[in-house]
Amino acid sequence: MENDLSILTERQREVYLLRQQRLTCKCIGEELHLSVSAVSLHLRNAQRRFRQYQAFQEEKKRDGQTVAFSISRIELALIIEGLVLLGGKMHREIGGRNIRSDWQGRMPYRALAADALLTRAQLALYGKVIHTGILE
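Residues numbered from 1 in each chain as written. Predicted model: local features only at pLDDT ≥ 70, side-chain atom pairs only at ≥ 80, totals over all residues. Heavy atoms only, no water.

1. Things to note about the overall build of the protein chain
Here is the rule: The helix and strand labels rest on DSSP assignments: H or I over at least four residues marks a helix, E over at least two residues marks a strand, and numbering proceeds from the N terminus. Partly exposed residues are those whose accessible area sits between 20% and 50% of the maximum for their type, while under 20% is buried and over 50% is exposed, using a 1.4 Å probe and protein chains only. Residue contacts are counted whenever heavy atoms from the two residues lie within 4.5 Å of one another. Surface accessibility in these figures is a Shrake-Rupley result with a 1.4 Å probe; residues are shielded only by whichever protein chains are displayed.
Helix and strand counts for the protein chain stand at 5 helices and 0 strands. For the protein chain, the N- to C-terminal ordering of α and β elements is α-α-α-α-α. Residue burial in the protein chain is summarised as follows: out of 136 residues, 28% are buried. Residue pairs at least 24 apart in sequence account for 58% of intrachain contacts in the protein chain once pairs closer than 6 positions are excluded. Of the roughly 9,700 Å² that the protein chain leaves accessible, carbon and sulfur atoms contribute 53%.

Following this line, the structure appears as structure tokens:
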């Protein structure tokens, strides 16, 4: 799988591309006026970002698959109640900065999915949105 360089910061991309040319960390550091440890850090961060991006894409693909699941109106109402409670918890975590954003610095994918589910569930059960979204 080819790595998408657009997900890297400018510095990470520079260091990564030089490393792909088989330059040592010391040579890269000399060329970019960085310490060897800074070069190593940029390379580690680039690799981490590639892994996060790949995991995000795999999760998004897997989570986007439709599941056939019959549910009663009361069960859907309970799911809505649970999503509202989850939304309060996420708000506290986001406000307290205890929640990490995804590889793009956006809200976690699960928070986005929970917000969309809350809206869809309310529209299915009530025909309108009663509770504001989790991320609002």
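2. Points about the packing of helix α1 (residues 10–20) against helix α2 (residues 25–32)
Which entries qualify depends on this criterion: To get an axis, a line is fitted to the C-alpha atoms, and for a helix only the part in contact is used. The angle between two axes follows their N-to-C directions and goes from 0 to 180 degrees. Roughly parallel covers angles under 35 degrees, roughly antiparallel covers those over 145, roughly perpendicular covers 65 to 115, and oblique covers all other angles. In this scheme the crossing of two helices becomes right-handed for a clockwise turn of the near helix relative to the far one and left-handed for an anticlockwise turn of less than a right angle.
For the pair α1 and α2, interaxial distance at closest approach is 10 Å and the crossing angle is 135 degrees. Taken together, the axes of α1 and α2 are oblique relative to one another. The chirality of how α1 crosses α2 is right-handed. Contacts between α1 and α2 involve R11, E14, V15, L18 and R19 from the former and I28, E31 and L32 from the latter.

3. Section: α2
Defined as follows: The arc in question is the one spanned by the directions pointing from the helix axis to the C-beta atoms.
Those residues of α2 not exposed but buried are C25, I28, G29 and L32. Projected down its long axis, α2 shows its buried positions confined to an angular sector of 100 degrees, all on one face. Residues of α2 that are exposed and point more than 90 degrees away from the buried face comprise K26 and E30. Along its buried surface, α2 packs onto α1 and α3 (36–63). Just downstream of α2, H33 is the residue with a positive phi angle, here 60 degrees.

4. Notes on the pattern of salt bridges
Put simply, the rule is: Whenever Lys or Arg places a side-chain nitrogen within 4 Å of a carboxyl oxygen from Asp or Glu, that contact is recorded as a salt bridge.
Scanning the model with the defined rule gives 1 salt bridge in all. The closest approach of N and O atoms between E14 and R11, which form a salt bridge, is 3.2 Å. One end of the pair is E14 and the other is R11, both in helix α1 and 3 residues apart, which spans about a single turn.

5. A short note on a nonpolar patch on the surface
Note the following rule: Only residues whose relative accessible area exceeds 30% and that form no salt bridge are eligible for patches; like-charged ones are grouped when within 9 Å, while nonpolar side chains (Val, Leu, Ile, Met, Phe, Trp, Tyr) are grouped when within 5 Å.
A cluster of nonpolar side chains, V67, F69, I71, I79 and L117, forms an exposed patch at the surface whose accessible area comes to about 480 Å². By the secondary structure assignment, V67 is in the loop between α3 and α4 (73–95).

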